[in-house]
Amino acid sequence: MWGIQGYEPAPLTMANEIFAGHGADFAALIGRRLGRASALTFASDGSWCSTGPLVLHFDSSQQLEVLVEGFATLYLSWNTIDLHTEVEQDEDPDLALAWSDLDAPELRPVLGAKVRNVWILERNFRVPQPDGEIIEAWLLAGLEFAFEPDGRTLQLGIGLDELVLAAERPESDGWRRRHAYPRS
């Protein structure tokens, strides 16, 4: 996938899939420090390719790989991307990609901090019907990491094929959080 050797994550579209398939891995992140983030950047100008995978590096060599697709699909994998391996390139040199450490304002306050909690984010999707009925569903919206000591957060949101980073929690009735791991 994405021209990255060995990278074949499965699509996740529901919070329960994340909880069941990755909950134990998220629980293992509690107390670990976020060391850095790596992403594909355009060789022409160094800008982040937000449609590609983001790799979060935690101490103890744990690596979380996140990719989004569409309106509510998240791909998660652990320790499968080798950042020293070149990515297959497009013929257009302006689209050439390379792995780089990501320097984003949303990341800076949490780098080096310990993970306190991991949440699955969902958003309420409501569609009014011509007959007045409203179809409603909770759609997968991303992940949120809270960090010690002050509770700063980092959100990895799904934004129509782009990964969106945010430091602020969504504060509306249209959002909810669920633990991403079993609680004891």
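Check the entry above for the structure.
Model, not experiment: these values are computed from the prediction.

Visitor: In this structure, what is going on with the sheet that holds strand E9 (residues 153–159)? I would like to understand it.
Guide: Paired through backbone hydrogen bonds, the strands of a sheet run either parallel or antiparallel to each other. Spatially, E10-E9-E8-E7-E11 is the arrangement adopted by the five strands of the open sheet, whose pairing is antiparallel. What marks the edges here is a single partner per strand, and that holds for strand E10 (162–166) and strand E11 (175–179). Averaged over all adjacent pairs, the angle separating strand axes in this sheet is 30 degrees, with direction ignored. Packed on one face of the sheet, helix H1 (residues 15–29) meets strand E7 (115–128), strand E8 (134–147) and E11 and runs near 160 degrees to E7.

Visitor: Is there a simple way to explain the pairing of E9 in this structure?
Guide: The side chains of a regular strand alternate between both faces of the sheet. Here E9 lies mainly inside the structure; six of its seven residues are buried. Bridging between E8 and E9 involves five bridges; their strand directions are antiparallel. Bridge pairing in E9 links Leu143 to Leu156. Joining the antiparallel neighbours E8 and E9 is a turn of five residues, in which Gly151 adopts a positive phi near 80 degrees. Judged from the five bridges that link them, E9 and E10 form a sheet pairing that is antiparallel. Residue pairing in the sheet places Gly159 in a bridge with Glu162 of E10. Where E9 hands over to E10, the hairpin turn is made up of two residues, of which Leu160 adopts a positive phi near 50 degrees.

Visitor: What is the right way to read a negative patch on the surface from this model?
Guide: Taken together, the side chains of Asp45, Asp90, Glu91, Asp92 and Asp94 present a region of like negative charge at the surface. With respect to the helices and strands, the residue Glu91 is situated in the loop between strand E5 (73–78) and strand E6 (97–101).

The rules behind these values
Residues numbered from 1 in each chain as written. Predicted model: local features only at pLDDT ≥ 70, side-chain atom pairs only at ≥ 80, totals over all residues. Heavy atoms only, no water. Pairing = 2+ DSSP bridges. Helix = DSSP H or I, 4+ residues; strand = E, 2+ residues; numbered from the N terminus. Axes fitted to C-alpha atoms, helices over the stretch in contact; angles between N-to-C directions. Contact = heavy atoms within 4.5 Å. Buried < 20%, exposed > 50% of the residue type's maximum accessible area, 1.4 Å probe, protein only. Patch = residues over 30% accessible without salt bridge, like charges linked within 9 Å, V, L, I, M, F, W, Y side chains within 5 Å. Areas by Shrake-Rupley, 256 points an atom, 1.4 Å probe, with all protein chains shown as cover. Salt bridge = Lys/Arg side-chain N within 4 Å of Asp/Glu carboxyl O. Lys, Arg positive; Asp, Glu negative; His and termini not counted. Charge placed at Lys NZ, Arg CZ, Asp CG, Glu CD.

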